[in-house]
Amino acid sequence: MDKINWKQKLTSRKFWAAVVTFVSTILVAFGVPDMTVEQVTAVITAGASMIAYIIGEGLVDAARIK
């Protein structure tokens, strides 16, 4: 089995959309209030944006050094 490229995964919008969808669906299935589901979704989306930005900038900086 090939090694997982975590940099590529963590900067993928599709990956984060899948994470948000999965978590939201689980919360709804367990009867969590709508407002809480929205807040959790917002936190995951904000965190994903930060992670993607940090990794993306790191890759750009590394390319400049080379």
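See the structure printed just above.
Residues numbered from 1 in each chain as written. Predicted model: local features only at pLDDT ≥ 70, side-chain atom pairs only at ≥ 80, totals over all residues. Heavy atoms only, no water.

### Notes on the overall build of the protein
Thought 1: A tally of helices and strands in the protein yields three helices and zero strands.
Thought 2: The C-alpha atoms of the protein give a radius of gyration of 15 Å, which is well past the 11 Å a tight globule of 66 residues would have.
Thought 3: The C-alpha extent of the protein, read off along each of the three principal axes, is 50 × 30 × 10 Å.
Thought 4: Each of the 66 residues in the protein was classed as buried or not, and the buried ones make up 11%.
Thought 5: Total accessible area on the protein stands at roughly 5500 Å², and carbon and sulfur atoms take up 68% of it.
Thought 6: Treating the 7 positive side-chain charges of the protein as one cloud and the 5 negative ones as another, the clouds have centres 13 Å apart. (Helix = DSSP H or I, 4+ residues; strand = E, 2+ residues; numbered from the N terminus. Rg over C-alpha atoms; globule rule 2.2 N^0.38 Å. Buried < 20%, exposed > 50% of the residue type's maximum accessible area, 1.4 Å probe, protein only. Areas by Shrake-Rupley, 256 points an atom, 1.4 Å probe, with all protein chains shown as cover. Lys, Arg positive; Asp, Glu negative; His and termini not counted. Charge placed at Lys NZ, Arg CZ, Asp CG, Glu CD.)

### Considering the pattern of salt bridges
Think of it this way: side chains of opposite charge can pair up when their charged atoms draw near.
Thought 1: Scanning the model with the defined rule gives one salt bridge in all.
Thought 2: Here Asp61 makes a salt bridge to Arg64, at a shortest N to O gap of 3.2 Å. Here Asp61 and its partner Arg64 are both found in helix H3 (residues 34-65), three residues apart, which amounts to about one turn of the helix.
Thought 3: The exposure class of Asp61 is partly exposed, given its relative accessible area of 36%.
Thought 4: Residue Arg64 is classed as exposed on the basis of its relative accessible area of 62%. (Salt bridge = Lys/Arg side-chain N within 4 Å of Asp/Glu carboxyl O.)

### Concerning H3
Thought 1: For H3, built from 32 residues, the straight-helix expectation of 46 Å at 1.5 Å per residue is met to within 8% by its first-to-last C-alpha distance of 47 Å.
Thought 2: For H3, every residue scored as buried is listed here: Val37, Ile44, Ala48 and Ile55.
Thought 3: On the buried face of H3, the contacting elements are helix H1 (6-10) and helix H2 (13-29). (Expected span 1.5 Å × (residues − 1). Contact = heavy atoms within 4.5 Å.)

### Describing H2
Thought 1: Here H2 spans 24 Å end to end across 17 residues, near enough to the 24 Å set by a 1.5 Å rise per residue.
Thought 2: Those residues of H2 that fall on the buried side of the exposure criterion are Trp16, Val20 and Ser24. Buried residues in H2, looked at end-on, bunch into an arc of 65°, giving them a common side. Along H2, exposed side chains directed more than 90 degrees from the buried face belong to Lys14, Phe22 and Ala29.
Thought 3: Contacts from the buried residues of H2 go to H1 and H3.
Thought 4: The backbone nitrogen of Lys14 has a side-chain oxygen 3.3 Å away, supplied by the residue at the start of H2, namely Ser12. (Arc of directions from axis to C-beta. Polar contact = N/O pair within 3.5 Å; in protein donor to acceptor, adjacent residues only side chain to side chain.)

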